[in-house]
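# Understanding the architecture of this molecule
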Amino acid sequence: MTALPIQQHTLFEDVQGVVTGALFVALALVMFRHAGMLTGGTAGMAFVLHYATQVSFGAAFFVLNLPFYWLAWKRMGARFTIKTFCAVALLSLLSELLPHWVVLQSVEPLFAAIGGGLLMGTGLLILFRHKASLGGINVLVLWLQEKRGWRAGKIQMALDIAILLTAIPWVGGWQLVLSVIGAVALNFSLAVNHRPGRYAAV
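Here the structure is a predicted model, which means the values were calculated and not measured. (Residues numbered from 1 in each chain as written. Predicted model: local features only at pLDDT ≥ 70, side-chain atom pairs only at ≥ 80, totals over all residues. Heavy atoms only, no water.)

Now for the pattern of salt bridges. Tallied over the full model, the rule gives two salt bridges. We note a salt bridge from Arg 79 to Asp 14, for which the minimum N-O separation is 3.2 Å. You can see Arg 79 sitting in helix α5 (residues 78-101) and its partner Asp 14 sitting in helix α1 (residues 11-34), a full 65 residues away along the chain. The class for Asp 14 is buried, based on a relative accessible area of 6%. Across the pair Lys 83 and Asp 14 runs a salt bridge whose closest N-O atoms are separated by 3.4 Å. A residue pair is termed long-range when its members are at least 10 positions apart, and Lys 83 in helix α5 and Asp 14 in helix α1 qualify at 69 residues. Taking the relative accessible area as the measure of exposure, Lys 83 reaches 9% and is therefore buried. It is possible to trace a salt-bridge network through shared partners that takes in Asp 14, Arg 79 and Lys 83. (Salt bridge = Lys/Arg side-chain N within 4 Å of Asp/Glu carboxyl O. Helix = DSSP H or I, 4+ residues; strand = E, 2+ residues; numbered from the N terminus. Buried < 20%, exposed > 50% of the residue type's maximum accessible area, 1.4 Å probe, protein only.)

Here it is in structure tokens:
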């Protein structure tokens, strides 16, 4: 059977992919915040900084990503870096606006962990498939998968759990357990759905 030619995403498709992916992640973050949870990746680092210093999560997330753009530009190219910058900026903005647009009265914490983790993983998957990311650790993980063939989900899971453990001074034991469950759900989604060679569009 003749292989179909690889189809490149159009600008419109990339824009909707970045917007949709960032929105999915932002909605998951609303659930996590309501349940007093954390997440992994650069967002997790921003949560820890927010809890430790009271600096705005959106501002912390945006600033923490700045050093990683050099690696993104050097290793992944200008197109990837520009789309990633847009995704990070949009998520930073949405993370501050959505709590005013979506006011949750009650969320079962275990559902927030599993449902929010899967929702965040889906958002990241959409971004990855449009050759974008949420910067920071995502850039490192994607680069390792591209260059070394290491599974993105497995690497991300190990790094996420390490980040969550640094939050012990600021979160309770049950919130930490829920955060780990959320990280496992997120990275399970990535490990199952984001494999080298599975998706051809670029």
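Now for the nonpolar core. With 48 residues, the main nonpolar core has Phe 61 and Leu 134 as its most contacted residues. Contributing elements (two or more residues each) for this core: α1, α2 (41-53), α3 (57-65), α4 (68-76), α5, α6 (109-129), α7 (137-148) and α9 (173-193). Looking at this core element by element, the count peaks at nine residues for α1. Ignoring any residue separated from it by four or fewer positions in sequence, one finds Leu 134 in contact with Val 25, Phe 61, Asn 65, Thr 84, Ala 87, Val 88, Leu 91, Leu 124 and Leu 127. If you look at the next biggest cluster of nonpolar residues, it comprises seven residues, including Val 141, Trp 143, Ala 152 and Ile 155. (Core = buried A, V, L, I, M, F, W, Y, C linked by side-chain atoms within 4.5 Å. Contact = heavy atoms within 4.5 Å.)

Turning to the UniProt feature "transmembrane region" (unreviewed entry) in the protein, a few remarks are in order. The UniProt record annotates "transmembrane region" (unreviewed entry) at residues 12-31, 51-72, 84-104 and 110-128. Helix makes up 100% of residues 110-128 and strand 0%, whereas the separation of the span's terminal C-alpha atoms amounts to 27 Å. (UniProt positions renumbered as here; feature names shortened; annotations may be inferred.)

At a closest axis distance of 8 Å, the pairing of α2 and α3 adopts a crossing angle of 130°. One finds that α2 runs oblique with respect to α3. Crossing angle aside, the handedness with which α2 passes α3 is right-handed. Counting all contacts with α2, which are made through Thr 42, Ala 43, Met 45, Ala 46, Phe 47, Leu 49 and His 50, the residues of α3 involved are Phe 57, Ala 60, Phe 61, Leu 64 and Asn 65. (Axes fitted to C-alpha atoms, helices over the stretch in contact; angles between N-to-C directions. Parallel < 35°, antiparallel > 145°, perpendicular 65-115°, else oblique. Left-handed = near helix turned anticlockwise from the far one by under 90°.)

On the surface, Leu 110, Ile 114, Leu 118, Phe 188 and Val 192 cluster together to form a nonpolar patch covering roughly 400 Å² of accessible area. Mapped by element, the contributors of at least two residues to the nonpolar patch are α6 and α9. Counting residues per element, the nonpolar patch draws most heavily on α6, at three residues. Structurally, Leu 118 is set in helix α6. On the basis of relative accessible area, Leu 118 is assigned to the partly exposed category, the value being 36%. (Patch = residues over 30% accessible without salt bridge, like charges linked within 9 Å, V, L, I, M, F, W, Y side chains within 5 Å. Areas by Shrake-Rupley, 256 points an atom, 1.4 Å probe, with all protein chains shown as cover.)

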